[in-house]
Amino acid sequence: MQRIAIFASGTGSNARKIVEHFKGHPSIEVNLVVSNKATAPVLDMAAAHGIPTLVLKRSSFYETEELLAQLRGIDLIVLAGFLWLIPDYLVRHFPRKIVNIHPALLPKYGGKGMYGKYVHQAVKAAGEAESGITIHYVNEHYDEGRVIFQESCSLEPEDDAEAIAQKVLALEHRHFAPVIEQLLTINYRS
Ligand code: GAR
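None of these values were measured; they are calculated from a predicted model.

Enquirer: It is not clear to me how the overall build of the chain should be interpreted in this structure. Could you clarify?
Expert: Summing up its helical and strand segments, the chain has seven helices and seven strands in all. Counting from the amino terminus, helix and strand elements in the chain follow one another as β-α-β-α-β-α-α-β-α-β-α-β-β-α. Against the 2.2 N^0.38 benchmark of 16 Å for 190 residues, the chain shows a C-alpha radius of gyration of 16 Å, consistent with a compact globule. Over its C-alpha atoms, taken along the principal directions, the chain stretches across nearly 50 × 35 × 30 Å. When burial is assessed residue by residue, the chain has 47% of its 190 residues classed as buried. Within the chain, contacts between residues at least 6 apart in sequence are counted, and of these 65% link residues at least 24 apart. Summed over its atoms, the accessible surface of the chain is roughly 9,500 Å², and 50% of this surface lies on carbon and sulfur atoms.

Structure, rendered in structure tokens:
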């Protein structure tokens, strides 16, 4: 079995799609859901599927490497709306084994503070004719690791930030789990 840990800070709609996608999969399972928020709905979703959960404390996440013990046996860390910067020790320990989804076409609209609705508001303010999603490897900097997959959607002049968010989220839900599956079956199997 290849084991996935999902890190998510919020609603967890992408996490849910991923959990559902791999339910009953012959060789891939979601083994752990990690959040930095004890009240995040994503934790209830995981518990409802019988998936172990873990709530991070900022101090131990950044000042210790305790988390590594809990990630033993994990083959891929998936950031699905996880907003904390990944510390160096985790990047070093999981080379090319941490992926993130970003709700825009990187390198545009990435970096610190660019997440969720702030991304869509910036896209709207710039009058872009398209937006989209980027799935990329994670390094020590926000949104800078190598791009694995991008898909775009066209925007209409009347689309506000909320409408853009809906279009982008639909792309995320369609593509994230299949891209993860491809990564785990093509790249990692020897
Ligand atoms: C997703 O749109 C994801 O791309 C974004 O947070 C949302 C989480 O939604 N991530 C970032 O902005 C990271 N910079 P969800 O909790 O419903 O999956």
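Now that the structure has been shown, the text picks up again.
Enquirer: What is the right way to read the sheet that holds strand β3 (residues 53-55) from this model?
Expert: Think of a sheet as strands paired side by side through backbone hydrogen bonds, with each pair either parallel or antiparallel. The strand order across the open sheet formed by seven strands is β3-β2-β1-β4-β5-β6-β7, and the pairing between neighbours is mixed. Lying at the two open borders of the sheet, with one neighbouring strand each, are β3 and β7 (147-154). Sheet twist, expressed as the average angle between the axes of neighbouring strands with direction ignored, equals 20°. Inspection of the sheet shows strand β6 (residues 130-137) paired to β7 by seven bridges, in the antiparallel sense. Pairing of Gly132 across the sheet is with Ser152, part of β7.

Enquirer: Can you help me understand the site of the ligand in this one?
Expert: Around the ligand sit Thr11, Gly12, Ser13, Asn14, Gly81, Ile101, His102, Pro103, Met114, Tyr115, Gly116 and Glu172, and those are all the residues in its vicinity. Measuring from an oxygen atom of the ligand, one finds a side-chain N or O atom of Ser13 at 2.5 Å. Gly116 is positioned such that a nitrogen or oxygen atom in its backbone is 2.9 Å from an oxygen atom of the ligand. Notes on the ligand: free accessible area 460 Å², of which the protein chains cover 87%. Counting atoms within 2 Å of the grid points, the majority share of the ligand lands in the largest pocket. Taken together, the elements giving at least two residues each to the shell around the ligand come down to α1 (13-22) and β5 (98-102). The class makeup of the residues in the shell around the ligand is four nonpolar, seven polar and one charged.

Cut-off values and rules
Residues numbered from 1 in each chain as written. Predicted model: local features only at pLDDT ≥ 70, side-chain atom pairs only at ≥ 80, totals over all residues. Heavy atoms only, no water. Helix = DSSP H or I, 4+ residues; strand = E, 2+ residues; numbered from the N terminus. Rg over C-alpha atoms; globule rule 2.2 N^0.38 Å. Buried < 20%, exposed > 50% of the residue type's maximum accessible area, 1.4 Å probe, protein only. Contact = heavy atoms within 4.5 Å. Areas by Shrake-Rupley, 256 points an atom, 1.4 Å probe, with all protein chains shown as cover. Pairing = 2+ DSSP bridges. Axes fitted to C-alpha atoms, helices over the stretch in contact; angles between N-to-C directions. Near = heavy atom within 4 Å. Polar contact = N/O pair within 3.5 Å; in protein donor to acceptor, adjacent residues only side chain to side chain. 1 Å grid on protein atoms, 1.4 Å probe; cavity = no way out; pocket = protein on both sides within 12 Å on 5 of 7 lines; lining within 4 Å. Sits in = over half its atoms within 2 Å of the grid points. Nonpolar A, V, L, I, M, F, W, Y, C, P; charged D, E, K, R; others polar.

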